Each structure stands twice: as C-alpha cells, then as structure tokens.
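Here is what each chain is made of, one letter per residue.
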Amino acid sequence: MERLQAHFDALLRDTPTGFHRYMFDRIDWDSRLTGLTGPRGVGKTTLMLQYAKEKLERNTTLFVNADDLYFSSHHLVDLADEFTRKGGKCLIIDEIHKYQEWARELKLMYDYHSGLRVIFTGSSILDIHKGAADLSRRALLYSMQGLSFREYLRMFHGIGLPTCTLDDLLQHRVELPPHFRPYAYFSDYLEQGYYPFAQEGQFGIRLAQVINNTLETDIPQYAEISVATSRKLKRLLTVIAQSVPFKPNMSSIAATIGVSRNSLADYFLLLEEAGLIGQLRDDTGGIRGLGKVDKVYLDNPNLIYALAQQTAETGNVRETFFFNQMRVNQDIITSPASDFQIGPYTFEVGGKNKKQKQLQGLEHAFVVKDDIETGYQNVIPLWQFGLNY
C-alpha cells in the first residue's frame, strides 16, 4: 500500500492542470461507480489525475494502475478492503481492462463498500454488460475520444475559442479572436493534433505504438482471440487504410485477408470499438442503433496520415474529420443524396470549389467547404466543425 501511495504522489506532482479535456465537466463524479473508456492515448489517465489533484482530499484518495505488479499477488477487492479500513473514500483504477477479473471484483467492491467511490478507466472495447457480473445497473460509463480542433488550439497554442453547437455553426454564430487564421493550424491538427501525446515529440513512433498495442494487446485480451486472428486484424486495417472511405464488399475483403464472411463483421466492430476505424451507418437501426454500414473510415485524420501515408487522399481526410468531430454530440448517419445527415440536415463535404448540384431540391442542405475561413448562406467552413466540443 505504501508503494502505491508513493507512486500516486509522484504522478500528482507531474500532472498539469492548465487544460481540461471536454469530458471533465460532463462526468457525474458523485456516482459510486464511474467508468471512463476510450481509445489509447486520448488522455483518460491525465483527466483522472487532474480530478484527483484538484477536487479530492489526498488523504482519502488512492490512484492505482491495474497493470501494477502489486496485483500479481493481490486482488483489487482486497486493496479496497484495506483502503476503506484506513479511511479511504475514493479509489481510482487506471487501465482496468488489464485486470482479468475486473468486472466481478468491481461488482463486489460496489456491493461491499457503500461508502467508497470507485472510478476506473479502460479500453473503449470494455463491455460492462458482459458476463455474470453485469455492471450496467451499477456503473455510469462515459466514452471519450481524442482532441477536437478547438481543444488542440487551446492545448498546443494557447488559443481559446468557444464551443459551438450545431445550430451555432449553421446560423454562423461563431465568434473568433481578431486576426485568427485557422489554416495556420488546421493542417497540423489533421496530421498530428488528435492525440495529446503529440506534445511529447516522436509522434509517428508513439502513434505506431498505440496502433500496435491496440491490435496486439487490447483487442486480443478482450476478445480472447489468437495471435493468428490478431494478424488478420492487422491485415484488415491495412486494407481499410488503403481504401477508405469505401463501401465494404464483405465477400471480397474476407477472401483478401483469409477469413469467413460471417466473422468479418465482428472484426470491423472490434476495430471500431477500439478506436481505429469509424463505420457510417444508415438509419435502419434507429437512433444510435447499429444500422447497415454504408461507408468505412479510419477513426481520425491522424490515422490516415500514419497508415495511408503517401496515399492519403484530401477528400477522405475532409470526410473523416467531419464524421469524427460531429459524432461526439450528434447522431450522424449516411445521407441518401449526399455525404452525411444529422437529424433533418444534409451535408456535402468538399473543397472551396464544391458546387451545390447534389443538394438541389433538398431542404436544410449545407455545403461544407475546406480552405475557406468564414461561411455564408448555406456554406460552412470545414474547420468550424472542430469547435463542436
């Protein structure tokens, strides 16, 4: 216990507090059992340490990593027992997916210690509904993705811009600082601004490690798949990177990577939940349902430049950015007439010379143009959709 406390102190000393991710103010921190999931590298650990440093009493708080060697000979529930006996009130567990019996022991901690708050982070592929230890009635679960363009500007360049709702964007209610030029920063964001660790240097190497660890550790650990299946997931991601955005031909892709057509949909879903791809669906699944997949994208523009490299296509980058940024607060589906649909609104994404032809006869239709700074009528600059969270 003493070593865990000393490690927690060291982490708190190194935790910056000048900038908070968007989820900091969205989480109900008073819940007895709270989980934050998301892809590797988006800042979950830092957010939890910031909350502990700024909002919690140090003497009654403990932060541990579920991958710590301590747990090779101790159980999480035993730690909770000892911690509460010594007056502990809030236990934060990082990377809980690395602990084999995490769901069962979280349930026991919740049931045995009514005065203990437990907060945990985990991989975005965690399923709290899975198995006998169903936590869905006990845990509040939140999901966090990488930096918006607005957050990137604040974190990397100290430029503060307001959060804009979709209505703000459509009605051109966007207030900008004097002399602000978005395209002085936008291309850098698209290439290496989605992940906070870009500030630490060696971005390409770090992002490659995130991708490999997700494919080789997180997904196999969760889905209990073999090394051979993990290699097939890698091949599938390579196929996607070279083709996106595309309408998946399941039979052709299954033959290419050597798997059955029936299992391929599961592979796509694992890659999506792990934060490596995004699947644009139609409305057949209802609101937030799993409708039929219309297009497959890489999850964010940084992954395009890392995986597609010289074959990174500008139109793909634009659509990926729009899809990625808007899905946080909106249900976004494919449009039968254009690129995307959000509620009653239709969006066609393109460059500054994009025409209105595809939108003729449609109500509530908008052209989203890259390479323009300000909007007019039904034309909205692409970069402004990065102010949504």
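Up top is the structure.
Residues numbered from 1 in each chain as written. Predicted model: local features only at pLDDT ≥ 70, side-chain atom pairs only at ≥ 80, totals over all residues. Heavy atoms only, no water.

Quick look at the nonpolar core now. Within the largest apolar cluster, 122 residues are counted, with the highest numbers of intra-cluster contacts made by Ile93 and Phe322. Beyond its immediate sequence surroundings of up to four residues, phenylalanine 322 is in contact with Ile332, Phe340, Ile342, Phe347, Val349, Val368, Leu382 and Phe385. Residues Leu359, Ala365, Val367 and Val379 belong to the second largest nonpolar core, which totals 5 residues. (Core = buried A, V, L, I, M, F, W, Y, C linked by side-chain atoms within 4.5 Å. Buried < 20%, exposed > 50% of the residue type's maximum accessible area, 1.4 Å probe, protein only. Contact = heavy atoms within 4.5 Å.)

Turning to unusual backbone geometry, a few remarks are in order. Phi is positive for histidine 179, close to 65 degrees, though the residue is something other than glycine. When you line up the elements, histidine 179 lands in the loop between helix H6 (166-170) and helix H7 (186-192). Take histidine 179: its relative accessible area is 75%, and that puts it in the exposed class. With a phi close to 65 degrees, aspartate 371 is a non-glycine residue in the positive phi region. When you line up the elements, aspartate 371 lands in the loop between strand E11 (365-369) and strand E12 (379-381). (Helix = DSSP H or I, 4+ residues; strand = E, 2+ residues; numbered from the N terminus.)

With that out of the way, let us pick up the side chain of glutamate 105. As for its placement among the helices and strands, glutamate 105 is situated in helix H4 (residues 102-112). The buried charged residue glutamate 105 lacks any salt bridge, with arginine 104 as its nearest oppositely charged partner at 4.7 Å. There is a polar contact of 3.3 Å between the side chain of glutamate 105 and the side chain of histidine 75. Those residues in contact with glutamate 105 that sit more than four places away from it in its chain are His75, Leu76, Val77 and Tyr99. (Lys, Arg positive; Asp, Glu negative; His and termini not counted. Salt bridge = Lys/Arg side-chain N within 4 Å of Asp/Glu carboxyl O. Polar contact = N/O pair within 3.5 Å; in protein donor to acceptor, adjacent residues only side chain to side chain.)

Before going further, it helps to spend a moment on the packing of aromatic side chains. Pairs of aromatic rings are described using the distance from one ring centre to the other and the angle between the two planes. Applying the stated criterion across every chain, the model contains 31 aromatic pairs. Counting every residue linked through ring pairs, the aromatic cluster contains Phe149, Tyr152, Phe156, Phe180, Tyr183, Tyr185, Phe186, Tyr189, Phe321 and Trp383. The ring of tyrosine 110 has arginine 32 sitting right over it, with the charged end atom 3.8 Å from the ring centre. (Phe/Tyr/Trp six-rings, centres within 6.5 Å; stacked < 30°, edge-to-face > 60°. Lys NZ or Arg CZ within 6 Å of the ring centre and 35° of its normal.)

Among the structural elements, threonine 334 can be located in strand E8 (residues 332-334). Sequence separation between threonine 334 and phenylalanine 347 is 13 residues; the distance between their C-alpha atoms is 9.7 Å. Setting aside anything within four residues of it in sequence, one finds threonine 334 in contact with Leu280, Arg281, Asp282, Asp294, Asp339 and Gln341. In terms of polar contacts, threonine 334 uses its side chain to reach the side chain of aspartate 294, at 3.0 Å.

Among the 6 residues in strand E10 (residues 345-350), 5 count as buried, and that is most of the element. Note that strand E9 (residues 340-342) and E10 share 3 bridges and pair antiparallel. Counted as the bridge partner of glutamine 341 is threonine 346 from E10. The antiparallel pairing of E9 with E10 creates a hairpin that spans 2 residues between the two strands, and glycine 343 there sits at a positive phi of about 60 degrees. (Pairing = 2+ DSSP bridges.)

Buried residues of helix H10 (residues 250-257): Met250, Ile253, Ala254 and Ile257, and no others. Burial along H10 is one-sided: seen end-on, the buried residues are contained in an arc of 100 degrees. Buried residues in H10 make contact with helix H9 (227-243) and helix H11 (261-273). Residue glycine 258 follows H10 closely and has a positive phi angle near 80 degrees. (Arc of directions from axis to C-beta.)

Next up on the list: helix H3 (residues 76-85). Those residues of H3 that sit buried are Leu76, Val77, Leu79, Ala80 and Phe83. All buried residues of H3 project into a common sector of 155 degrees when viewed along the axis, lining one side. Backbone geometry just downstream of H3 places glycine 87 in the positive-phi region, at approximately 95 degrees.

For the rest of this paragraph, the subject is the pairing of strand E2 (residues 61-65). The side chains of a regular strand alternate between both faces of the sheet. Judged by how many residues are buried, E2 sits mostly within the fold: 4 of 5 residues are covered. Here E2 pairs with strand E3 (residues 90-94) via 5 bridges, running parallel. Bridged to leucine 62 within E3 is leucine 91. Each parallel crossover has a hand, and for E2 linked through H3 to E3 it is right-handed. (Right-handed = clockwise from strand over helix to strand, strands pointing away.)

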